[in-house]
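Structural overview
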Amino acid sequence: MLAFHNRWMKLATMALILFVLSLLIVLSGAALGLWEWSALLPPALFIGIAFLQLYVMSGRYRAAFRVALSLAESTNDGVLISDEKNRILYVNDQLQKMSGYTQDELRGEYPNVFKSGVHGEDFYRNMWRDLKEKDFWQGEIWDKKKNGDLYAKELLIHTLRNRRGKVICYVAIQRDLSELKALEQEKDRLRYFHKESALPSETFVIEKMNQLIAGDVPFQTLYTKITNKAYLNEFHSPDKYVESLQGIRKRLKAKWDGVFALIDSEFFVFLSHKSMEGDFTAFLQSFIDTCEEAFSNGVIFETRLGVSAYPEHGSDAETIYQHAQIAHEKAFEYNNAYMVYHTDMKSEVRGEYEMLEAFKADLQNDRLTLYYQPIFEVGSNAVRGFETLMRWWNEDFSNPSPARFIPLAEKHGLMKEVDAFLIRQAMKDKKRFEAVYGEDVWMSLNVSVPQIHRSACLDVLIERAEEEDVDPASIVIEVTETDFTSQFETLRKQLKKVRGAGFKIALDDFGSGYSSLKRLHAMPMDFVKTDKYFLQSTEDGKRIIQSSVSLGEAFGFDVIAEGVETAEHMAYLRSVHARYAQGFHLARPLPLEEALAYKKRS
């Protein structure tokens, strides 16, 4: 009895030692930087391996073997056991599901039945070296299923030996990485490509540029933008926008050898010097023409390009990319087709951004000011309306004129906030004008066309008019002729809705763009404001005003002549029977209190 007890104590001790050794495999994995995989293996499986080792060393206790197989069947990992010659003895259900093979098909075969062809001979030679020297191997491997599909898996192989060191069998534990690989691929796709358009991202561009820089390959970069993305998203399907973007990329790649990345509304290209040999200006014009040909569905392509180059304008991708953007901003500012980066631009742009931040702060805190320029009835010289004009008094930037800060707001997407301030403040002031000038006086608002395209703009107009108890018929919304010629049909529909809500419409700077009589007739409007150039030019120019008055009589609108700077100008307007006039000879734009007091002075 004592001998039997001692025997079991020895076996139990051996099992414990082997179990500890199994745990040491986990710890060694951590030490080798393989902890993530080791942590995935159920500890019970290592206990099973310990029992299996106990079995093969003793040649007895088949119960231990049955426990090991039971544990192998209960795990979510694939388990394969092969003999000392590496012939397959056993595979569990999970491995059968992973590979598509059955137990009977694999028994007696060698594991190279799974060989994918992905790995070279050195890979397998190193694996067997580790199995001989260390009694285990761990790593990621690509295998082939029965149906021929390749799949990645994490594999851990143990070499089991008897007391004399002879190999008894090999135990391979493996986990299918297909789902993990799919997640990694999706993560990379989201990192390098935009989800909606499947077009390259900024990360993709930067990494591609760094690859060229690493190879010291000179290249040029071009940067520009789609200017009316917000309009397209609201009035066209996203598919049409993406279709246009993909179309331009296809056309460009057909003509030039380079990388063409479309980053949302931004368009970025880098080309080898070879692609742009010859006349650089001719190349850029050809590039612009190709871009414009590719667009449809109402997409407006901004044909101003910012250009930078490696190595002339930077030694890393981020710097070159930034310099191309800076050059684009300066091309936009100076209304040039393109501009090549130079070092002075950075300080200029820095000053612009400082102005932008100051403007945003004053806008958010309602520190902008509205001025009002009277509009007179020509026959009676009575004030009938006021044009609302925005002013920004900031001494740090020498009180910039609207010609400076309005384009800045447009470029940086602030016009929604600017228009909201204008509408809110003008509606408040309107009631005070009515108290002084009577309810018949109207107020004219210069609302940006992109905001008119948005249905929310009409909601704001209606909401503010109701809050301040302002009659919509006393509010005139001005749009310039050049704005409505580019997107005529959509703008016409939106202005029709604005007019349907009771507001009036004025076409500003009439004659500065191109208007057919058909469009002039179709556009819903109450006033036409003639460009000041005609009143201040030759007699032929002045006759445009006379013709406009005749058109007004035919189409049912009144003419407001801008640019009245002399008494002679007023005399001419009376002679052609123009209805209304506006200009410095009559009154300059005035702050609120002075505009309210102007009636008493006049």
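Scroll up to find the structure.
Remember, predicted model here, so these are calculated numbers, not experimental data. (Residues numbered from 1 in each chain as written. Predicted model: local features only at pLDDT ≥ 70, side-chain atom pairs only at ≥ 80, totals over all residues. Heavy atoms only, no water.)

Overview of the packing of aromatic side chains
- For the structure shown, the criterion picks out 21 aromatic pairs.
- Measuring from centroid to centroid gives 4.5 Å for Phe386 and Phe433, while their planes differ by 45°, and the two rings are tilted. Of the two residues, Phe386 sits in strand E12 (residues 383-391) while Phe433 sits in helix H16 (residues 415-437), which places them 47 residues apart along the sequence. The pair Phe386 / Phe433 is uniform in exposure class, with both members buried.
- Centre to centre, the rings of Phe555 and Phe557 are 6.4 Å apart; their planes meet at 50°, and the pair counts as tilted.
- An aromatic cluster is present here, built from Phe359, Trp392, Phe397 and Phe405 joined pairwise through their rings.
- The ring centre of Tyr151 lies 5.3 Å from the NZ or CZ of Lys145, which sits over that ring. (Phe/Tyr/Trp six-rings, centres within 6.5 Å; stacked < 30°, edge-to-face > 60°. Helix = DSSP H or I, 4+ residues; strand = E, 2+ residues; numbered from the N terminus. Buried < 20%, exposed > 50% of the residue type's maximum accessible area, 1.4 Å probe, protein only. Lys NZ or Arg CZ within 6 Å of the ring centre and 35° of its normal.)

Topic: the pattern of salt bridges
- Evaluation of the coordinates by the stated rule reveals 24 salt bridges.
- In this structure, the salt-bridge partner of Asp143 is Lys153, at a minimum N-O distance of 2.4 Å. Here the residue Asp143 occupies a position in strand E3 (residues 136-144), and Lys153 occupies one in strand E4 (residues 150-161), the gap between them amounting to 10 residues. Taken as a pair, Asp143 and Lys153 share a single burial class, namely buried.
- The closest approach of N and O atoms between Glu377 and Arg579, which form a salt bridge, is 3.6 Å. One end of the pair, Glu377, is in strand E11 (residues 369-377); the other, Arg579, is in the loop between helix H24 (567-575) and strand E18 (580-582), and 202 residues separate them in sequence.
- Relative accessible area serves as the criterion here: at 15%, Glu377 is assigned to the buried category.
- One salt-bridge network, held together by shared partners, links Glu377, Arg384, Asp558 and Arg579. (Salt bridge = Lys/Arg side-chain N within 4 Å of Asp/Glu carboxyl O.)

Here's the deal with the pairing of strand E16 (residues 527-530)
- Neither face of E16 is exposed, since Phe527 and Lys529 on one face and Val528 and Thr530 on the opposite face are all buried.
- Across three bridges, the pairing between strand E15 (residues 504-510) and E16 is parallel. Looking at the pairing, Ala506 lines up with Phe527 of E16. (Pairing = 2+ DSSP bridges.)

Let's talk about the nonpolar core
- In this structure, Phe359, Tyr372, Phe433, Leu445, Ile477, Phe503 and Leu573 are the most contacted members of the largest nonpolar core, which totals 75 residues.
- Take this core: its biggest share by element is nine residues, from H16.
- If we ignore the near neighbours within four places in the chain, the residues touching Phe503 are Met427, Leu458, Leu461, Ile462, Ala465, Pro472, Ile475, Ile477 and Val498.
- Counting residues in hydrophobic clusters, the runner-up holds 19 residues, among them Leu95, Met98, Phe114 and Leu131. (Core = buried A, V, L, I, M, F, W, Y, C linked by side-chain atoms within 4.5 Å. Contact = heavy atoms within 4.5 Å.)

Limitation: the analysis is restricted to geometry and does not speak to function.
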